[in-house]
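A structural walkthrough
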Amino acid sequence: MKKFFAFAAGCAVLAALCAFGAAPSYAAGKEIVVYFSATGTTREAAETLAKMRGADLWEIVPEQPYTAEDLNYHNDASRSNSEQRDESARPAIAGGVRSLDGYDVVYAGYPIWWGNMPKIMYTFFDGCDLSGKTIAPFCTSGGSGVSASVSTIKELEPQAKVTEGLRVRNGERDFAAWLKETGLAR
Ligand SMILES: Cc1cc2nc3c(=O)[nH]c(=O)nc-3n(C[C@H](O)[C@H](O)[C@H](O)COP(=O)(O)O)c2cc1C
């Protein structure tokens, strides 16, 4: 009898540990990495992630490319600064927003501009219904974190499951840890 109780208690402890340590489970299925990159840093990260996952890759290219002057954040009147200030700005995507039907997991990568996503990412989320899909956001930045942009994505895609975000600094190493934390690793 004593042995039975010891065994039962052991099982209970094990079950509790498993439940406590378990990562949240997200849909595992067809995956795509969607990204915007103005100067190449996020592109490099996106390509690394797509390779790690064997995922498809879609670069969001602006219909009107950003020049160096457009990206000059020291100039209050520059295109990027004006867009970031303008709530309704939705810069056009070359070729429009493509359908992501058939994908279960959408990794969304972007640089941080003024603490959040560049407005062209809003164009993407406005134009693409990601209801029921898992969105995994990652960014590159000069130092700002990812959390404000994750909140924005949750507002723009209320019917999607949005994972914890990642600010990428060390490519593959950061992605590997993040995928594990989010439950997306397989
Ligand atoms: C218009 C503009 C605004 C930016 N705002 C921020 C910011 O608020 N915080 C930050 O850490 N970095 C900021 N950055 C730096 C970029 O996030 C960083 O250089 C990023 O890695 C660039 O990615 P990309 O090469 O893929 O475009 C800004 C850059 C630009 C061009």
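The written sequence of each chain sets the order in which its residues are numbered from 1. Residues qualify for local features only when their pLDDT is at least 70, as the model is predicted, and side-chain atom pairs are given and counted only at 80 or more; totals for whole chains, interfaces and linings, by contrast, use all residues.

Observations regarding the overall build of the chain
Secondary structure summary: the chain contains six helices and six strands in total. Put simply, DSSP H or I for four residues or longer makes a helix, DSSP E for two residues or longer makes a strand, and each gets a number counted from the N terminus. Listed N to C, the secondary structure of the chain is α-β-α-β-α-β-α-β-α-β-β-α in terms of helices and strands.

Structural notes on the packing of helix H2 (residues 41-53) against helix H6 (residues 171-182)
To define axes, lines are fitted to C-alpha atoms, for helices over the stretch in contact only, and angles between the resulting N-to-C directions are given on a 0 to 180 degree scale. Between H2 and H6, the shortest axis-to-axis distance is 10 Å and the interhelical angle comes to 55°. The pairing of H2 with H6 is recorded here as oblique in orientation. Handedness of the crossing formed by H2 with H6: right-handed. On H6, the residues touching Ala45, Thr48, Leu49 and Met52 of H2 are Gly171, Glu172 and Phe175. Working definition: roughly parallel below 35 degrees, roughly antiparallel above 145 degrees, roughly perpendicular at 65 to 115 degrees, and oblique for all remaining angles. Each crossing gets its hand from how the near helix is turned against the far one by less than a right angle, where anticlockwise is left-handed and clockwise is right-handed. C-beta atoms are placed from the backbone for every residue, and two residues are taken to be in contact when these atoms lie within 7 Å.

Some points on the nonpolar core
Here, a nonpolar core means buried Ala, Val, Leu, Ile, Met, Phe, Trp, Tyr and Cys residues linked by C-beta atoms lying within 7 Å of one another. Neighbour counting defines burial: a residue surrounded by 20 or more other C-beta atoms within 10 Å of its own C-beta is buried, one with 12 or fewer is exposed, and intermediate counts give partly exposed, using backbone-placed C-beta atoms. By size, the foremost hydrophobic cluster in this structure holds 38 residues, and its most contacted members are Val34, Val106, Tyr107 and Met121. The set of elements that each furnish at least two residues to this core consists of strand E1 (31-35), H2, strand E3 (105-111), helix H4 (119-127), strand E4 (134-140), helix H5 (147-156) and H6. Not counting chain neighbours up to four residues away, the residues in contact with Val34 comprise Trp58, Ile60, Val106, Tyr107, Ala108 and Phe124.

Let's talk about H2
When the terminal C-alpha atoms of H2 are compared, their 19 Å separation across 13 residues agrees well with the 18 Å that a helix rising 1.5 Å per residue should span. Taken residue by residue, H2 has Thr42, Ala45, Ala46, Leu49 and Arg53 as its buried positions. What you see down the axis of H2 is that its buried residues fit within an arc of 100°, all on one side. The inward-facing, buried residues of H2 contact E1, strand E2 (56-59), E3, E4 and H6. Looking one or two places after H2, you find Gly54, whose phi comes out positive at around 65°. In this analysis, the expected span of each helix is defined as 1.5 Å times one less than the number of residues it contains. Read the arc as the range of directions from the helix axis to the C-beta atoms.

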